[in-house]
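Chain residues, written in single-letter form:
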Amino acid sequence: MKAETGADDMNRISSQRLQRVIGGDVPVYLVASALLAFSFGLFLTYDIGGTGAASIPRNGRLYFAAALAMLFADIFWQLARHRPAAPTRFLLATYRARVTDPEVLGRLPLLAIAIAFMPFFSTLKSMIPLFNDFQWDPVFIAWDRTLFLGHDPATALQPLLGYPIVTSLLALLYHGWILLIYVGVLFFLFYRAAAPAARQYFLSFVLIWTVIGGALATVFASVGPCFVGPIFGDTTFDAHMSYLEAASATFPVPTLDVQELLLHWYREGERGLGSGITAMPSMHVAMAHLTWLGMRRVSRVAGWWFFAFFVAIWVGSVPRAYHYAVDGLVSVIATTLIWSASGALLRAWDRRDPREHRREAALAA
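Colleague: Looking at this model, I keep getting lost on the packing of helix H14 (residues 225-232) against helix H16 (residues 255-268). Mind explaining?
Modeller: When two helices pack together, their arrangement is given by the angle between the helix axes and the distance between those axes. Where H14 contacts H16, the axes come no closer than 11 Å and their chain directions differ by 45°. The angle between H14 and H16 places the two elements in the oblique class. Crossing of H14 over H16 shows right-handed handedness. Where H14 approaches H16, its residues Cys226, Phe227, Pro230 and Ile231 are matched on the opposing element by Gln259, Leu262, Leu263, Tyr266 and Arg267. A breakdown of the residues in the contact of H14 with H16 according to their chemical character gives seven nonpolar, one polar and one charged.

Colleague: For this particular structure, what's the right way to read the nonpolar core?
Modeller: One recurring pattern in soluble globular proteins is that nonpolar side chains are buried together. Core analysis: the largest hydrophobic core is formed by 87 residues, its most contacted members being Tyr63, Tyr201, Phe202, Phe205, Trp209 and Met287. Per element, the largest residue contribution to this core is 10 residues, and it comes from helix H7 (residues 108-126). The next biggest cluster of nonpolar side chains, apart from the first, holds six residues, and it includes Ala154, Leu157, Val318 and Ala325.

Colleague: Teacher, can you tell me more about the packing of aromatic side chains here?
Modeller: Each aromatic ring pair is characterised by the separation of its centres together with the angle its planes make. Summed over the entire model, instances satisfying the criterion amount to 20 aromatic pairs. Measuring from ring centre to ring centre gives 6.1 Å for Phe140 and Tyr324, while their planes differ by 50°; the resulting arrangement is tilted. You can see Phe140 sitting in helix H9 (residues 137-147) and its partner Tyr324 sitting in the loop between helix H18 (300-317) and helix H19 (325-350), a full 184 residues away along the chain. Judged by its relative accessible area of 1%, Tyr324 falls in the buried class. Stacked on the ring of Trp292, the Lys or Arg Arg296 has its end atom at 4.8 Å from the ring centre.

Colleague: Explain empty space enclosed by the protein to me, please; I cannot follow it from the model alone.
Modeller: In this approach the atoms are scanned with a rolling probe the size of a water molecule, which exposes any empty space left behind. Applying the stated criterion across every chain yields a total of two cavities of 30 Å³ or more. As for the largest cavity, its lining consists of Leu35, Phe38, Ser39, Phe117, Phe120, Phe121, Leu124, Trp209 and Thr210. Of all the elements in the fold, those that place two or more residues in the lining of the largest cavity are helix H2 (26-45), H7 and helix H13 (198-219). When residues of the lining of the largest cavity are assigned to their parent elements, the largest contribution, four residues, is made by H7. Here the lining of the largest cavity is built from residues that sort into seven nonpolar, two polar and no charged.

Colleague: For this particular structure, what's the right way to read a nonpolar patch on the surface?
Modeller: Side chains of Tyr163, Ile165, Leu169, Leu172 and Phe251 sit close together on the surface and give an oily, nonpolar patch of about 490 Å² of accessible area. Mapped onto the secondary structure, Leu169 falls in helix H11 (residues 164-176). Owing to a relative accessible area of 55%, Leu169 belongs among the exposed residues under this scheme.

Colleague: Sorry if this is basic, but what is going on with the packing of H2 against H7 here?
Modeller: Two elements in contact, H2 and H7, have axes whose closest approach is 11 Å; the angle formed by their N-to-C orientations is 30°. In terms of axis orientation, H2 runs roughly parallel to H7. Helix-helix and strand crossings are classified by hand; for H2 and H7 the assignment is left-handed. Residues Val28, Tyr29, Ala32, Leu35, Leu36, Ser39, Phe40, Leu42 and Phe43 of H2 lie in contact with H7, whose contacting residues are Pro109, Leu110, Ile113, Phe117, Phe120, Thr123 and Leu124. Residue composition of the contact of H2 with H7, by class: 14 nonpolar, two polar and no charged.

Colleague: Would you explain H9 in this entry?
Modeller: Helical geometry: 3.6 residues make up each α-helical turn, so side chains three or four residues apart lie on a common side. When we look at burial in H9, the residues that qualify are Asp137, Phe140, Ile141 and Asp144. In an axial view of H9, the angular spread of the buried residues amounts to 105°, which keeps them on one side of the axis. Every exposed residue of H9 that faces more than 90 degrees away from the buried side is listed here: Pro138 and Thr146. Taken together, the buried residues of H9 touch helix H10 (153-161), H14 and H19. Immediately downstream of H9, the backbone of Leu149 shows phi near 55°, a positive value.

Conventions we followed
- Residues numbered from 1 in each chain as written.
- Predicted model: local features only at pLDDT ≥ 70, side-chain atom pairs only at ≥ 80, totals over all residues.
- Heavy atoms only, no water.
- Axes fitted to C-alpha atoms, helices over the stretch in contact; angles between N-to-C directions.
- Helix = DSSP H or I, 4+ residues; strand = E, 2+ residues; numbered from the N terminus.
- Parallel < 35°, antiparallel > 145°, perpendicular 65-115°, else oblique.
- Left-handed = near helix turned anticlockwise from the far one by under 90°.
- Contact = heavy atoms within 4.5 Å.
- Nonpolar A, V, L, I, M, F, W, Y, C, P; charged D, E, K, R; others polar.
- Core = buried A, V, L, I, M, F, W, Y, C linked by side-chain atoms within 4.5 Å.
- Buried < 20%, exposed > 50% of the residue type's maximum accessible area, 1.4 Å probe, protein only.
- Phe/Tyr/Trp six-rings, centres within 6.5 Å; stacked < 30°, edge-to-face > 60°.
- Lys NZ or Arg CZ within 6 Å of the ring centre and 35° of its normal.
- 1 Å grid on protein atoms, 1.4 Å probe; cavity = no way out; pocket = protein on both sides within 12 Å on 5 of 7 lines; lining within 4 Å.
- Points joined across faces, edges and corners; volume = space filled by probe spheres on them.
- Patch = residues over 30% accessible without salt bridge, like charges linked within 9 Å, V, L, I, M, F, W, Y side chains within 5 Å.
- Areas by Shrake-Rupley, 256 points an atom, 1.4 Å probe, with all protein chains shown as cover.
- Salt bridge = Lys/Arg side-chain N within 4 Å of Asp/Glu carboxyl O.
- Arc of directions from axis to C-beta.

Laid out in structure tokens, this is it:
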């Protein structure tokens, strides 16, 4: 009888914890649902069809691959850290506890949102020419020259970064940014160490892709230094693009291949996952900045590493010819505002009922 009572108590506590997690995430559900509904409305209005939904399985496979890689890394870490006498039994017990943890189960709906969200964003990004012409590039070129005392930033940075091996390494690092989307989301949603920043990170994640990558990118429609030549015939950055081609002959510069692919998709009207051209603001800088804001809540040491990564992505986005320097500046300002607004919204939600808030705090303890 005592065993049954104990089991009932454990089930009740687990159920309460699950309700607490899901209840605390309600603002994220509401914001994400509203944004997805808005996306559907645009697709129907402009007769886009189901191109966003068609990419969801592919995005799901990318998250699965990231989860599998993280699992293998975690297994290695657990075995190296604990050195159990019976490794198989230890691993089964460890991961059985994790997959039944209410904190994990309660965040699965957010993972589903992440899997569905990115394909819709890619479709919206490719729709920018339907709403606004790409007309801001001359303005941003002028702003950059004002900031860099009459020089284009890529030219100004050339004495410091204009070496083929440095160019190649920055390009590889720039491509490594993709891990912030897949590994980053999984880390913040499902690792206990990231719990203090999880909700604020994910709400900011959804808003950043929509507000910065969607709304602001549409208002300030621009293609970026690498595309003004092939799209508009602007020769401003021809010399720098020639340097990148020459550097790639010595050390691979993979960003050039991606730029060619994006240009091909743009000309073909492709609206699948990863398509679309936009420079202002920089989503690379925005996501790197968001990850740093989240990671500094997790670990001071990790915070410093991700701050360095964020700076490298911002600086590297300019000589890679993807972005103007002001693209990153606007992204940093907008991301900081979104991060602060997300935190304020979540705090307001947690204060909606003082008695409920105290109960949730007690359960969390």
